[in-house]
Amino acid sequence: MKGFIKFVALFLVAAFALLAISCNSGAAKESEVLSEGASDEMPTADKTEKNTEKKTEKATKPVKTTEPPKMVENTQGLDLNLKILSQNVRCANDPDNNSVDERTTRFKALLDEYKPDIIGTQEVTVEWLIYLRSIEGYACVGSSRAGHRSTAEEWSAIMYSTERFVLLDSDTFWLTSTPDKVSMTDGALCKRICTWAELFDRYTGETIIMANTHLDHSNNTVRGMQVQFLLMHLRRRLGDRFEECRVYLTGDFNCKNDSTPYSSIGYGGFVDARKVALEDNSTVDGTYHAYGKQSQEIDFCFFKGEDTVLSYEIISKNYIGEMDTEPGFVSDHYGVISVFERKVEK
């Protein structure tokens, strides 16, 4: 009898051990699925969107490199200066020839003219994201503020030139005390996120950090908290890279340059590119214009680290898209573009 009881006990111990191994293996696999490309993969909401994505995914889906990136061997004739654009694309279909379909190809016309190397976008819906991923020569990273696998709400996606840059790392976090969970700042009207990407520049051999966000449209108290969360989480995630690399921060900050949230970004070590640009080619002062009805400067490009801003411009031009017979608005915001000096050390 004692031998039988001992046998049963040993059997139960072995069974529980196998169960624990199985559970841990399952959890590990689940973790891999959630983390592998979580901020790069864009699921679709219906069959139409799924089919559209399949057509564009092969050329545009970013792949984080596991090998040392290679430099461009001959940069003669290339524009080495770094051009960074911030553009709120406006999520909604608006009247008076301002639907998303009409405005997507106007945005493409803007890109064709200015040829930015990196673009921080705001208010990107799944409809916009499918189009952005189809633009030749660019890849797109980011997650929806509704969750890494969600097709709802908005992205603060980062686009980058695939000819110039290799993606080393990227992530999206929420501007709250629980940055890895879908969450909302106390008092905010919407969930808010920051997407960042670590990029290797094949022209210059430099590694840079690009971060992009869209602060809440509630009040400066909420936006101030969101700035603090953004700076804290970005610093923690980047570690030594926060100090060792040049860091760029674009976005629709929903606040003016005399506000506390704006000042807090400066206290965090960032400089407004417009303030130190050698040339300001802007012909307007405001970036949010509500399709020509207002003028408020709330979109900015900040940078951290030694840099020379050759020029800055609020792009107040209208463009002719594929559905247009005359120029129209890209968005209810004007884009802002900063040009940073780059040289190849000889």
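As shown above, the structure is provided for reference.
Residues numbered from 1 in each chain as written. Predicted model: local features only at pLDDT ≥ 70, side-chain atom pairs only at ≥ 80, totals over all residues. Heavy atoms only, no water.

Peer 1: What is the right way to read the pattern of salt bridges from this model?
Peer 2: When their charged atoms lie close together, side chains carrying opposite charge are able to pair. Evaluation of the coordinates by the stated rule reveals 26 salt bridges. Residue K191 is joined to E153 by a salt bridge in which the shortest nitrogen-to-oxygen separation is 2.9 Å. Of this pair, K191 sits in the loop between β5 (165–174) and β6 (193–201) while E153 sits in the loop between β3 (138–141) and β4 (158–161), and the two are 38 residues apart along the sequence. Looking at E153, the relative accessible area reads 33%, which means it is partly exposed. (Salt bridge = Lys/Arg side-chain N within 4 Å of Asp/Glu carboxyl O. Helix = DSSP H or I, 4+ residues; strand = E, 2+ residues; numbered from the N terminus. Buried < 20%, exposed > 50% of the residue type's maximum accessible area, 1.4 Å probe, protein only.)

Peer 1: Can you walk me through the pairing of β6 in this structure?
Peer 2: Along any regular strand, the residues point their side chains to alternate faces of the sheet. By the criterion of burial, β6 is predominantly enclosed, with nine of the nine residues buried. Summarising the sheet, β5 and β6 pair through nine bridges and their orientation is antiparallel. Across the sheet, the residue bridging to S170 is A197, located in β6. Bridging between β6 and strand β7 (residues 207–214) involves seven bridges; their strand directions are antiparallel. Paired with A197 across the two strands is M210, which belongs to β7. Between the antiparallel neighbours β6 and β7 lie five residues, among them G205 with a positive phi of about 85°. (Pairing = 2+ DSSP bridges.)

Peer 1: Quick question: what am I supposed to make of the environment of K304 here?
Peer 2: Along the chain, the position of K304 falls in strand β11 (residues 299–304). By relative accessible area, which is 9% here, K304 ends up buried. In this structure, the C-alpha to C-alpha distance between K304 and F242, residues 62 residues apart in sequence, is 8.9 Å. Contacts of K304, omitting those with residues within four sequence positions, involve F242, E243, C245, R246, V247, G268, G269 and F270. Of the polar contacts made by the side chain of K304, one reaches the backbone oxygen of F242; its length is 2.5 Å. (Contact = heavy atoms within 4.5 Å. Polar contact = N/O pair within 3.5 Å; in protein donor to acceptor, adjacent residues only side chain to side chain.)

Peer 1: Would you mind showing me how to read the packing of aromatic side chains here?
Peer 2: Each aromatic ring pair is summarised here by two numbers: the centre-to-centre distance and the angle between the ring planes. All chains considered together, the criterion is met by 10 aromatic pairs. Considering the side-chain rings of F242 and F270, the 6.3 Å spacing of their centres and the 70° angle between planes classify their relative orientation as edge-to-face. Of this pair, F242 sits in helix α6 (residues 241–244) while F270 sits in the loop between α7 (260–267) and β9 (271–272), and the two are 28 residues apart along the sequence. Each member of the pair, F242 as well as F270, carries the same accessibility label: buried. Geometrically, the ring pair formed by F300 and F302 is tilted, given 5.8 Å between the ring centres and 45° between the ring planes. You can call F302 buried: its relative accessible area is 1%. Each residue in the set F253, Y262, F300 and F302 is aromatic and connected to the rest through ring pairs, giving one cluster. (Phe/Tyr/Trp six-rings, centres within 6.5 Å; stacked < 30°, edge-to-face > 60°.)

Worth remembering: the numbers are spatial, not functional.
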